[in-house]
Amino acid sequence: FGTSAFSSIQAAVNAASNGDTIDVAAGTYSEGVTVNKSVTLDGAQFGVDARTRSGVETIVTGVGNNGRTSFYLTTDNVTLDGFTIEGATNNNQFGFGILIGAGTSGAHVLNNIVDNNIVGLSLANANGANQALRRRPCRAAFCRRAAACSSGISITVMPACFFYFTPKCRSG
């Protein structure tokens with residue numbers, strides 16, 4: 001058992017080891033987080049269905065951070081659960097709320113509100129054996145209320161690449 005406090009989510013990821021769980025307190029974080037370790041990141045609303053929840057949120061935003069991508073997952077077996085991810089509006093910095101990098105597998109994107117980004121979620125998995133999973137990820141749409149908004153989900157199809165999405169998000 002041990003608890004450490006960090007000044008940013010990225011600092012916590014940098015200090016983590018594979019298999020660790022990082023609990024991120026409620027609040028607003030203006031940063032782009034590169035997750036290069038197999039960790040679980042739990043926001044204040046982890047485990048709570050994003051379509052119906054209320055209360056304090058852990059918001060990761062591109063606002064104040066040049067509209068950069070909020071989460072860039074560069075390794076296998078990363079879990080993002082219980083965040084609000086918004087403000088990735090700079091098309092020179094990907095413009096994705098969440099970017100799951102090519103060649104990775106086993107990402108779990110759960111119970112997140114992904115809103116006001118150019119693209120909410122970009123997927124590029126390595127194979128069909130360990131798919132990216134999106135379950136109860138959104139309230140309303142992946143991408144809304146953004147002048148630069150073009151699409152909700154971008155999927156780059158790789159050989160033998162399959163994705164399972166359940167359930168569908170309601171739009172509006």
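Residues numbered from 1 in each chain as written. Predicted model: local features only at pLDDT ≥ 70, side-chain atom pairs only at ≥ 80, totals over all residues. Heavy atoms only, no water.

**Focus: the confidence of the model for the chain**
Applicable threshold: Each residue carries a pLDDT score, the predictor's confidence in it, ranging from 0 to 100. Whether two residues are in contact is decided by their heavy atoms, any of which lying within 4.5 Å being enough.
On average, residues of the chain score 76 in pLDDT, and 69% of them reach the 70 mark or higher. Per-residue pLDDT stays below 50 along residues 133-172; that stretch engages in 118 contacts with residues further than four places along the chain or on separate chains.

**A look at the side chain of N117**
Where we set the bar: A run of H or I in DSSP counts as a helix once it spans at least four residues, and a run of E counts as a strand once it spans at least two, with each numbered from the N terminus. Counted as a polar contact is a pair of N or O atoms within 3.5 Å, where, for protein atoms, one must be capable of donating a hydrogen and the other of accepting one, and residues adjacent in sequence contribute only when both atoms are in side chains.
Relative to the assigned elements, N117 resides in the loop between strand 11 (113-115) and strand 12 (119-123). A polar side-chain atom of N117 sits 3.3 Å from the main-chain carbonyl oxygen of I85.

**A few points about unusual backbone geometry**
Heads up, the rule is: Accessible area is worked out with a 1.4 Å probe on protein chains only. A residue is then buried under 20% of its type maximum, exposed over 50%, and partly exposed in between.
In this model, N77 sits at a positive phi of 60°, which is unusual for a non-glycine residue. As for its position among the elements, N77 is in the loop between strand 6 (71-73) and strand 7 (79-81). The residue N111 is not glycine, and still its phi comes out positive at about 55°. Position of N111 among the secondary structure elements: in the loop between strand 10 (108-110) and strand 11. Residue class for N111 comes out buried when judged on its relative accessible area of 1%.

**Comments concerning the side chain of R53**
Tracing the chain through its elements places R53 in the loop between strand 4 (40-42) and strand 5 (58-61). Residue R53 is classed as buried on the basis of its relative accessible area of 6%. Among the polar contacts listed, one links the side chain of R53 to the backbone oxygen of F83, at a separation of 3.2 Å.

**Observations regarding the environment of V56**
By the secondary structure assignment, V56 is in the loop between strand 4 and strand 5. You can call V56 exposed: its relative accessible area is 57%. The spatial distance from the C-alpha of V56 to the C-alpha of Q45 is 7.6 Å, given a sequence separation of 11 residues. Excluding its chain neighbours within four sequence positions, the residues that come into contact with V56 are A26, A44 and Q45.

**Describing the nonpolar core**
Applied cut-off: Side-chain atoms within 4.5 Å are what join buried Ala, Val, Leu, Ile, Met, Phe, Trp, Tyr and Cys residues into a set we call a nonpolar core.
Counting 25 residues, the largest nonpolar core has L41, F71, L73 and I98 as the members making the most contacts within it. Examining the composition of this core, we find that 3 residues originate from one element, helix 1 (residues 9-15), more than from any other.

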